[in-house]
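# Structural overview
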Amino acid sequence: MDAHAGAVGTAWDEGTGTMHYVIDCPRCGGRIQHEVKPRWGDPGFLEEFGEEIRLVAFDLLLLHVEDAHDDAHQ
Ligand SMILES: [Zn+2]
């Protein structure tokens, strides 16, 4: 699979007080979100874990592609 992932980022949910990974699927345009560990809600999170965010979000995207776009690896 082409590793050219879309924009990976994080979104803060004020309602639940949790942060989420956010990545857009390049195949269907769907938005994939996954909750980050609660203790990662501090302001330094993005700088400290920026690379890890990208890696985890890309893993989520790969799982989504395998689940929702089964033809991706045929
Ligand atoms: Zn998709």
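The structure displayed is predicted, hence computed values, not measured ones.

Cut-offs applied
- Residues numbered from 1 in each chain as written.
- Predicted model: local features only at pLDDT ≥ 70, side-chain atom pairs only at ≥ 80, totals over all residues.
- Helix = DSSP H or I, 4+ residues; strand = E, 2+ residues; numbered from the N terminus.
- Buried ≥ 20, exposed ≤ 12 C-beta atoms within 10 Å, placed from the backbone.
- Contact = placed C-beta atoms within 7 Å.
- pLDDT = per-residue confidence, 0-100.
- Core = buried A, V, L, I, M, F, W, Y, C linked by C-beta atoms within 7 Å.
- Pairing = 2+ DSSP bridges.
- Axes fitted to C-alpha atoms, helices over the stretch in contact; angles between N-to-C directions.

### Quick look at the overall build of the protein
When its secondary structure is counted, the protein shows one helix and three strands. Moving toward the C terminus, one meets the helices and strands of the protein in the order β-β-β-α. Counting every position in the protein, which comprises 74 residues, the buried fraction comes to 11%. Here the analysis covers contacts within the protein between residues at least 6 apart in sequence; of these, 42% occur between residues at least 24 apart.

### Remarks on the confidence of the model for the protein
Residues at a pLDDT of 70 or more form 77% of the protein, whose mean pLDDT is 78. Averaged pLDDT values for the elements of the protein fall to 81 in strand 1 (residues 8-13) and rise to 89 in strand 3 (residues 31-35). Low pLDDT, under 50, characterises residues 1-5; the stretch is placed with five contacts to residues that sit more than four places away or in other chains.

### Section: the environment of Phe 58
Within the element layout of this structure, Phe 58 appears in helix 1 (residues 45-68). The class for Phe 58 is partly exposed, based on 16 C-beta atoms found within 10 Å. Counting along the chain gives 50 residues from Phe 58 to Val 8, while the straight-line C-alpha distance between them is 7.9 Å.

### As for the nonpolar core
A general trend in soluble globular proteins is that nonpolar side chains are found buried together. If you look at the biggest cluster of nonpolar residues, it comprises eight residues: Met 19, Tyr 21, Ile 23, Ile 32, Val 36, Ile 53, Ala 57 and Leu 61. Sorting the residues of this core by element identifies strand 2 (18-24) and helix 1 as the ones contributing at least two each.

### A short note on the sheet that holds strand 2
Note: strands within a sheet are paired through backbone hydrogen bonds, in either parallel or antiparallel orientation. Strand order in the open sheet formed by three strands is 1-2-3, with antiparallel pairing between adjacent strands. Strands at the two margins of the open sheet, each flanked by one partner only, are strand 1 and strand 3. For this sheet, the mean inter-axis angle between neighbouring strands, taken without regard to orientation, is 30°. Bridge count between strand 1 and strand 2: six bridges; the pairing is antiparallel.

### Focus: the pairing of strand 3
Across five bridges, strand 2 lies against strand 3 in antiparallel orientation. Each residue of the ladder has a partner; that of His 20, found in strand 3, is Glu 35. Linking strand 2 back to strand 3 in an antiparallel pair, the connection comprises six residues, with Gly 29 at a positive phi of about 75°.

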